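Summary of structural features
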Amino acid sequence: MPNDEQPSTDVAVTARGNGGDGVRGRRRWLALIAAGAVALTGAGFGASLLIKSPAQAAADSRPPAPSVITAPVEYRTLASSVILRGTVVAGQSVEITPGGTTEGGSPTVSKLPLKAGDQVRAGRLLVEISGRPVIALQGTVPLYRDLKPGARGSDVGRLQDALHRLGHSTSPDDRGRFGEGTKSAVTALYDALGYEPLPVGGVEGSATVTSAEAQVTSAGRALDDAEDALRTAEAGSRSGAGGSGSGGSGTDSGKTAGSTAGTAGEAEGARRDLESLRKAVARTREDLATAREGLVAARAASGPMVPSGEVAFLESFPARVQDLPVRLGAKVQGAVMTVAAGPLVVHGYVPDHQKGLIRAGQKTEILSEVNGAGATASVRSIATTRTMSRPDGDTQEGQSAGGQADADGYLMTLAPGRPLEAEWTGQNVRLTVQAATTGGKVLVVPVTAVSAGADGSTAVTVLEDDGRQRRVRVKPGTSGDGNVEVIPLDSGTLGEGDRVVTGVLTDAAAQEPTG
């Protein structure tokens, strides 16, 4: 039995094995079909990307929807600024250039009591040249001539004012007349510094007075002699007349007639002599008066003088020694010292295209780029003629120390609101001039936000929160620094914080939030 059943078992096993192979085959075919379907689907999708209809192609070729650029409406004061460079200089700069010496020879620096940066006060010795002083005095106009006793003029008045400020009275002289009081004051000024003032004419000036005094003495003596001679003649005349009246009566008529004739002749001669003596007295008196007038004039014209090279008039004190290019013992060749006086000011040069924006009185900010300090100022003046740039080394006569060598434009002078400290002197600074201002808070938008219509009206476009845009009619006002004042023509249509369109971006990805 076992042998008869064995074959049937093998047949069953074989039948199960053949059935598993069929299942695996069907699964393989299903997988291949699915893979093919996926491949066909992918190919179709790829083809759909590459192949477009004409309508789709036209739609894809259109530019993207534009995105707007906006800026907020501001409520503030609007100012238009002009930015320039400037140099801080003294209000007055005086070069001390002494003249020649009184005794000839080459002028030499014989005393140098100051150094660069020192303060100078009125009445102080600035420098000594060949033994003669140069004295600082307060005044606005330099001396253009030597002032001598007897001189008259406004320059004499300025000298007297400077002497008064130092406590030297010029009384009783009238202002503008160099008289005895001014002589005394000048002498006191020089004495205070240890010098003697130069006399007018030197030795010759003294000889003039001496000669005038001698003429007065001689005329006085001549008058005395003439008066003595007249008195003697008058006394003789009186005694002669008395003698002829007391003589006895003559008995001889011929002798009496001759005696009478002789007496009459003598009387006439005596009378003529007296007349000549009286004329001599009158003339000598006139000579004496003339000599005395000459002496008064000589004395008035003599005495201490003020050479123009021995005083330096400065506007205000204290002043400062700005430059001292010489040493003790050096021969004088040009200026020996530069003294800066008056409050510090700022000089700037305005180019042609900005001159029309600058006016006197405009506010200005000064910035020191040396230490970051700032100050305020106002425009004092602007020149009407243009300053041309000069080649290197070519200096202009009268140029203030610290001036800009590359000056080119219209000179603008700024007056600081408060006095600047001495360390500002000579600094090259940044100037921001407020060329225009609204004078108060106004609505301000960028200039690019304002557009003009075909009818000439101007407007801004406001972007609402929901993306809608509305046009607001405005009237432009003051502009400056890329912004403009706008006045809405319809109340309530524009306010601070609203966003106005200033432009568009064609690429939305490039848009950046503004404000």
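Residues numbered from 1 in each chain as written. Predicted model: local features only at pLDDT ≥ 70, side-chain atom pairs only at ≥ 80, totals over all residues. Heavy atoms only, no water.

**Comments concerning the overall build of the protein**
- Regarding its fold elements, the protein presents six helices and 18 strands.
- By the burial criterion, 32% of the 515 residues in the protein qualify as buried.
- Look at the contacts in the protein between residues 6 or more apart in sequence, and 71% of them connect residues 24 or more apart.
- Approximately 30200 Å² of the protein is accessible, and the part contributed by carbon and sulfur atoms is 53%. (Helix = DSSP H or I, 4+ residues; strand = E, 2+ residues; numbered from the N terminus. Buried < 20%, exposed > 50% of the residue type's maximum accessible area, 1.4 Å probe, protein only. Contact = heavy atoms within 4.5 Å. Areas by Shrake-Rupley, 256 points an atom, 1.4 Å probe, with all protein chains shown as cover.)

**Considering the confidence of the model for the protein**
- Across the protein, the average pLDDT comes to 81, with 77% of residues at 70 or higher.
- Predicted confidence is poor over residues 1-18, with pLDDT under 50, and the contacts of this stretch with residues over four places away or in other chains come to zero contacts.
- Below pLDDT 50 for its whole length, residues 246-251 participates in one contact with residues either more than four positions away or in separate chains. (pLDDT = per-residue confidence, 0-100.)

**What about the pattern of salt bridges?**
- Summed over the entire model, instances satisfying the criterion amount to 16 salt bridges.
- Residue Arg 85 is joined to Glu 369 by a salt bridge in which the shortest nitrogen-to-oxygen separation is 3.0 Å. With Arg 85 in strand β2 (residues 74-96) and Glu 369 in the loop between β10 (363-368) and β11 (374-382), this pair connects stretches of sequence that are 284 residues apart.
- When its relative accessible area of 33% is taken as the criterion, Arg 85 is described as partly exposed.
- When the shortest N-O distance is used, the salt bridge between Asp 490 and Arg 473 registers 3.4 Å. Placement of the pair is Asp 490 in the loop between β17 (483-488) and β18 (499-505) and Arg 473 in strand β16 (residues 469-480), with a sequence separation of 17 residues.
- For Asp 490, a relative accessible area of 34% puts it in the partly exposed group.
- Through salt bridges that share partners, Asp 352, Arg 386 and Asp 408 make up one connected network. (Salt bridge = Lys/Arg side-chain N within 4 Å of Asp/Glu carboxyl O.)

**Some details on unusual backbone geometry**
- Here the amide bond leading from Ser 171 into Pro 172 is cis, since omega sits at 10 degrees, within 30 degrees of zero.
- Its place among the elements puts Pro 172 in the loop between α3 (154-165) and α4 (180-193).
- Here Phe 317 and Pro 318 are connected by a cis peptide whose omega angle stands at 0 degrees.
- With respect to the secondary-structure elements, Pro 318 resides in the loop between β7 (311-314) and β8 (319-323).
- Its identity as a non-glycine residue notwithstanding, Ser 130 has a phi of 50 degrees, on the positive side.
- Note that Ser 130 resides in the loop between β5 (125-129) and β6 (132-138).

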